[in-house]
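What follows is each chain in one-letter form.
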Amino acid sequence: MKPEACVCQDEFRMRPKESWTLGDAGDDTRMGGGRGKQRQKSAASVRPPWWSLGCAVLLPGCVLGPDYQRPDMDTPPGFRSASGEVSSARSLADLGWSELTSDRVLRGYLNEALDNSWDIQAAAARVMQAEAALQSTGSRFLPTISLGGGLLTTRTSEEGPTGALSDPQQEFGEVYVALSAYEVDLWGRIRRANEAARARLLATQAAQDTVRQTLLTDVASTYLFLLQLDQDLETSRRTLASHNDSLVLTTTRQEGGVASLQDVAQARILVSTAEASITDTLRQIEQTENALAVLLGRNPGRVARGRPLCEQPLRSEAPPGLPSDLLLRRPDLRAAEQELVAANADVGQAKAAFFPQVTLTGLYGFQSVSLSELFTQPARTWEFGPAVSAPVFTGGLLKGNLKLAQARFQEAVALYQKSVQEAFRDVSDSLIAYERSGELRAQLTERVEAHRLAASLATTRYEGGVTSYLEVLYIEQELFDAELALSRAQVNELLSVIQLYRALGGGWR
């Protein structure tokens, strides 16, 4: 941290609080915290000291507390991946969502989610709250001026103790412009408060970007998972048709005395397994459609599809960029750092509370018991005065508040550093998943081809009477499982690109 902008003592003693009103030379009338009676002066000699107000507002003040500096971070030279540490000037996060996918249906869903999502609307409302809080805090830089007036009519009883008056009915009127207690920011307390409010606004805006990024990631992931289920359903139905044909063939062979009842029972097991898989896959599809519809801001229902899973484009390369750029790309890290900036500014506010507070008050107007003479020169009235108050004894309140602010700042530092390390791990995990999932998909593709060949040979051997139907049953089930595993590997490879894109901070713009 930098040294404090203004070096002042945190603890000191001062005379008890006094406030006074300054008039012209030779007129130092003590007010005792209230409005006193000023001596009558001619209209020509009395002038409201507006120059005093201007000088007080423009007085240069110091800003207590340390200025913010980003904590030193142990940034790795590159991201760990399955092939070793990698980094590049380019980054996958430089692309927009429209460049990451060419599926028009998915693009439409991403735009629809941004327009209709309740999470986005709630995040936007939180940004508006932070903007209002900043506006409220910033208003303390300017004085509050109010305009007022009143008319009071009284009548005294003619039979009362004062007796009959020549005019028992009296009127009193006043019109004034008043300056409420305006704090002169000598020690930077208001400036630190404004700094904290601005940082929290930026943190809220970054949090909104995080919500947007998470929403887009969820929509894309759910859509791809739905395509995987569609492919699984197609595989299950194709397998069911093949098993039904095998059951018919096996039943015919059993009736001809070539096959046994056990072969027929085993063929029916294959048919039942495929039917159960279809039923469970339909359940998952319907539930996933509901989840995607809600993410889009719709009521649960069916959703359209674009390209099938096997035709989804896959990027051949995914450069991660430089690790140092991650601190600015990821919205969650930017939000964590702005919370750190706000906590640092809170420390400055707590330090400024130890020092005297200077406030200005003023009033200018007209008062008269005769309404016809209300706006005349003799009816003028004004007062202006600074008030100084300093803490003498607070029972440890100010020290406690300072320690609390410093402890919260240390907590924010620890949370920020933890967030940065977790972000590096997130990118590394995504890079490893991207590379390994590609290898796994290639291996499972070879496995499926081998199972298909084995299933064809087993069927031929069974029809030739060389082997039992148990071998066919086993290989057919292995082929079915391998095809489902390949489908999962395909979607995981696509999801790894999306997760890497999110981990690198892409999509928040």
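Residues numbered from 1 in each chain as written. Predicted model: local features only at pLDDT ≥ 70, side-chain atom pairs only at ≥ 80, totals over all residues. Heavy atoms only, no water.

**Let's talk about the overall build of the chain**
What the chain contains, in helices and strands, is 10 helices and eight strands. Out of the 509 residues in the chain, the part that is buried amounts to 42%. For the chain, long-range pairs separated by at least 24 residues make up 83% of all intrachain contacts whose partners lie at least 6 apart in sequence. (Helix = DSSP H or I, 4+ residues; strand = E, 2+ residues; numbered from the N terminus. Buried < 20%, exposed > 50% of the residue type's maximum accessible area, 1.4 Å probe, protein only. Contact = heavy atoms within 4.5 Å.)

**Some thoughts on helix H4 (residues 118-138)**
For an α-helix the count is 3.6 residues per turn, leaving residues at separations of three or four pointing the same way. Across its 21 residues, H4 extends 30 Å between first and last C-alpha, which sits within 8% of the 30 Å expected from 1.5 Å per residue. Every buried residue belonging to H4 is among Ile120, Ala123, Val127, Ala130, Leu134 and Thr137, and all of these are buried. In a view along the axis of H4, the buried residues occupy a sector of 100°, so they form one face of it. Along H4, exposed side chains directed more than 90 degrees from the buried face belong to Trp118, Met128, Gln129 and Gln135. Buried residues along H4 sit in contact with helix H3 (104-116) and helix H5 (189-255). The residue sitting at the N-terminus of H4 and contributing the capping side-chain oxygen is Ser117; that oxygen lies 3.2 Å from the backbone nitrogen of Asp119. (Expected span 1.5 Å × (residues − 1). Arc of directions from axis to C-beta. Polar contact = N/O pair within 3.5 Å; in protein donor to acceptor, adjacent residues only side chain to side chain.)

**Digging into a nonpolar patch on the surface**
Together, Ile145, Leu147 and Val177 line one region of the surface with nonpolar side chains, adding up to about 320 Å² of accessible area. Structurally, the position occupied by Ile145 is in strand S5 (residues 145-155). Owing to a relative accessible area of 59%, Ile145 belongs among the exposed residues under this scheme. (Patch = residues over 30% accessible without salt bridge, like charges linked within 9 Å, V, L, I, M, F, W, Y side chains within 5 Å. Areas by Shrake-Rupley, 256 points an atom, 1.4 Å probe, with all protein chains shown as cover. Salt bridge = Lys/Arg side-chain N within 4 Å of Asp/Glu carboxyl O.)

**Quick look at the pattern of salt bridges**
In this structure the tally under the stated criterion is 23 salt bridges. For Asp346, the salt bridge is made with Arg200, and the minimal N-O distance between the two is 2.7 Å. With a gap of 146 residues between them, Asp346 in helix H8 (residues 331-352) and Arg200 in helix H5 connect regions that are remote in the sequence. Notably, a salt bridge pairs Asp426 with Arg502, separated by 2.6 Å at the nearest N-O pair. Pair noted here: Asp426 is in helix H9 (residues 397-463) and Arg502 is in helix H10 (residues 469-503), with a separation of 76 residues, a long-range link.

**Some words on the nonpolar core**
When a protein is soluble and globular, its nonpolar side chains tend to lie buried together. By size, the foremost hydrophobic cluster in this structure holds 92 residues, and its most contacted members are Leu92, Trp97, Val219, Leu224, Leu292, Leu326 and Val427. For this core, the secondary-structure elements that each account for two or more residues are helix H2 (97-100), H3, H5, helix H6 (261-295), helix H7 (326-329), H8, H9 and H10. Per element, the largest residue contribution to this core is 18 residues, and it comes from H9. Those residues in contact with Val219 that sit more than four places away from it in its chain are Leu106, Tyr109, Leu110, Ala113, Leu292, Leu295 and Leu296. (Core = buried A, V, L, I, M, F, W, Y, C linked by side-chain atoms within 4.5 Å.)

**Some words on the environment of Ala458**
Locating Ala458 in the fold gives a position in helix H9. Classification of Ala458 as buried rests on a relative accessible area of 1%. It is 9.8 Å that separates the C-alpha atoms of Ala458 and Leu470, two residues lying 12 residues apart in sequence. Ignoring anything within four residues of it in the chain, the contact list for Ala458 reads Thr467, Glu471, Val472 and Ile475.

**Regarding the packing of H8 against H9**
Where H8 contacts H9, the two axes come as close as 9 Å, and the packing angle between them is 165°. When the interaxial angle is binned, H8 and H9 end up roughly antiparallel. Seen along the crossing, H8 lies across H9 with a hand that is left-handed. Here Leu333, Ala336, Glu337, Glu339, Leu340, Ala343, Asn344, Asp346, Val347, Ala350 and Lys351 of H8 lie close against H9, whose contacting residues are Asn401, Leu402, Ala405, Gln406, Arg408, Phe409, Ala412, Val413, Tyr416, Ser419, Val420 and Ala423. (Axes fitted to C-alpha atoms, helices over the stretch in contact; angles between N-to-C directions. Parallel < 35°, antiparallel > 145°, perpendicular 65-115°, else oblique. Left-handed = near helix turned anticlockwise from the far one by under 90°.)

**Quick notes on the side chain of Glu476**
Tracing the chain through its elements places Glu476 in helix H10. In this structure, Glu476 is buried with no salt-bridge partner, the nearest side chain bearing the opposite charge being Arg452 at 9.5 Å. Once you skip the residues sitting within four places of it in the chain, Glu476 turns out to touch His243, Leu270, Ala455 and Thr459. (Lys, Arg positive; Asp, Glu negative; His and termini not counted.)

**Considering the packing of H5 against H8**
Remark: H5 packs on H8, axes separated minimally by 8 Å, with the N-to-C direction vectors making an angle of 165°. In this view, H5 runs roughly antiparallel relative to H8, as classed from their interaxial angle. H5 and H8 meet at a crossing whose hand is left-handed. Of the residues assigned to the contact of H5 with H8, the class counts are 13 nonpolar, six polar and nine charged. (Nonpolar A, V, L, I, M, F, W, Y, C, P; charged D, E, K, R; others polar.)

**Some remarks on the side chain of His451**
In this fold, His451 is placed in helix H9. When neighbours within four sequence positions are excluded, His451 is seen to be in contact with Ile475, Glu478, Leu479 and Ala482.

**Some words on the pairing of strand S7 (residues 357-368)**
Across 10 bridges, the pairing between strand S6 (residues 169-184) and S7 is antiparallel. Among the inter-strand pairings, Tyr182 is bridged to a residue of S7, identified as Leu360. Two strands pair when backbone bridges link them, and S7 and strand S8 (residues 380-389) are joined in this way by 10 bridges, in the antiparallel orientation. When the sheet's bridge partners are listed, Thr359 is paired in S8 with Ala387. (Pairing = 2+ DSSP bridges.)

**Focus on the packing of aromatic side chains**
Applying the stated rule across the entire model yields six aromatic pairs. Geometrically, the ring pair formed by Trp187 and Phe355 is tilted, given 5.0 Å between the ring centres and 35° between the ring planes. With Trp187 in the loop between S6 and H5 and Phe355 in the loop between H8 and S7, this residue pair connects regions lying 168 residues apart in the sequence. Taking relative accessible area as the criterion, Trp187 reaches 22% and is therefore assigned partly exposed. (Phe/Tyr/Trp six-rings, centres within 6.5 Å; stacked < 30°, edge-to-face > 60°.)

**Let's talk about the confidence of the model for the chain**
Here the chain averages 82 in pLDDT, while 85% of its residues score no lower than 70. The secondary-structure element of the chain with the lowest mean pLDDT is strand S1 (residues 18-22), recorded at 30, while H8 shows the highest, at 94. Scored below 50 in pLDDT, residues 1-60 makes 88 contacts in the model with residues more than four places away or belonging to other chains. (pLDDT = per-residue confidence, 0-100.)

**Comments concerning the environment of Met73**
Its place among the elements puts Met73 in the loop between helix H1 (50-57) and strand S3 (79-81). For the pair Met73 and Gln417, spaced 344 residues apart in the sequence, the C-alpha separation amounts to 7.2 Å. Excluding anything up to four places from it in sequence, Met73 contacts Tyr416, Gln417 and Val420.

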